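Inside the fold
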Amino acid sequence: MNRRDALTGIIELLIQFHPEGIPILLGDVACPSGLEWLPLIEAARGNDDLGVRICKDSSVSQLLDQVGQTDELDRTLKEIGWDNVVEATRAVRAFSPRDWDMFVLHLSFVTDYSRLGDRSPLQAVADKCRVSPKTVSRRRQEIPEQIARLASMRFQQALHW
């Protein structure tokens, strides 16, 4: 997996599983580090217990696996630079405010199990933004990728941001 794809995954982890994902991306709240990532990783993983026991010290194995995962996240963020991620997020919000609004509305209201009146939340967001539901969904997917691309390019260094 390349650095940009890894960063996109980290952004998705934040926005889907951290209660302050957007403020973290905007630099208003500190980014998790080290073992602070564990609850997010566990939430993303869900319940993957297959009911099969393997004869080994599972607590040590699990701890090593968790530490390895958090180290990988921290390493990726250190290589790219969290400041670059924050600046890329702010740039996307500033230069594409309509797309940013669709993204945040989607994160806030669109779930698999809710309805807003007689329409789906996705349709409600689309109506509010005066676009199709397909466009809202596309923007939801594109924004994290765009942030990761800009942060990986370190565009703000070239622009003396």
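Below is a summary of the structure that appears in this document. The structure displayed is predicted, hence computed values, not measured ones. (Residues numbered from 1 in each chain as written. Predicted model: local features only at pLDDT ≥ 70, side-chain atom pairs only at ≥ 80, totals over all residues. Heavy atoms only, no water.)

What follows concerns the nonpolar core. Counting 28 residues, the largest nonpolar core has Leu-7, Trp-37, Trp-82, Val-85 and Ile-147 as the members making the most contacts within it. Elements with a minimum of two residues in this core: helix 1 (3-17), helix 2 (21-25), helix 3 (38-45), helix 4 (58-80), helix 5 (82-95), helix 6 (97-109) and helix 8 (133-153). Sorting elements by how many residues they give to this core places helix 1 first, with six residues. Leaving out residues up to four positions away in the same chain, Ile-147 has contacts with Ile-11, Val-85, Ala-88, Thr-89, Val-92 and Trp-100. (Core = buried A, V, L, I, M, F, W, Y, C linked by side-chain atoms within 4.5 Å. Buried < 20%, exposed > 50% of the residue type's maximum accessible area, 1.4 Å probe, protein only. Helix = DSSP H or I, 4+ residues; strand = E, 2+ residues; numbered from the N terminus. Contact = heavy atoms within 4.5 Å.)

This structure, assessed with the given rule, holds one aromatic pair. Residues Trp-100 and Phe-103 carry aromatic rings whose centres are separated by 5.4 Å and whose planes lie at 50° to one another, so their mutual orientation is tilted. A residue pair is termed a helical-turn pair when its members lie 3 or 4 positions apart in one helix, as Trp-100 and Phe-103 do in helix 6 at three residues. Phe-103 sits in the buried class, given a relative accessible area of 0%. (Phe/Tyr/Trp six-rings, centres within 6.5 Å; stacked < 30°, edge-to-face > 60°.)

Here the focus is the environment of Arg-139. For Arg-139, the location among the structural elements is in helix 8. Classification of Arg-139 as buried rests on a relative accessible area of 18%. Beyond its immediate sequence surroundings of up to four residues, Arg-139 is in contact with Asp-99, Met-102 and Phe-103.

In this section: helix 1. Compared with an ideal rise of 1.5 Å per residue, which puts 15 residues at 21 Å, helix 1 spans 21 Å between its outermost C-alpha atoms and is within 8% of the ideal. Among the residues making up helix 1, those that are buried are Ala-6, Leu-7, Thr-8, Ile-10, Ile-11, Glu-12, Leu-13, Leu-14 and Ile-15. Measuring from the backbone nitrogen of Arg-4 back to the side-chain oxygen at the start of helix 1 gives 3.1 Å, which picks out Asn-2 as the cap. (Expected span 1.5 Å × (residues − 1). Polar contact = N/O pair within 3.5 Å; in protein donor to acceptor, adjacent residues only side chain to side chain.)

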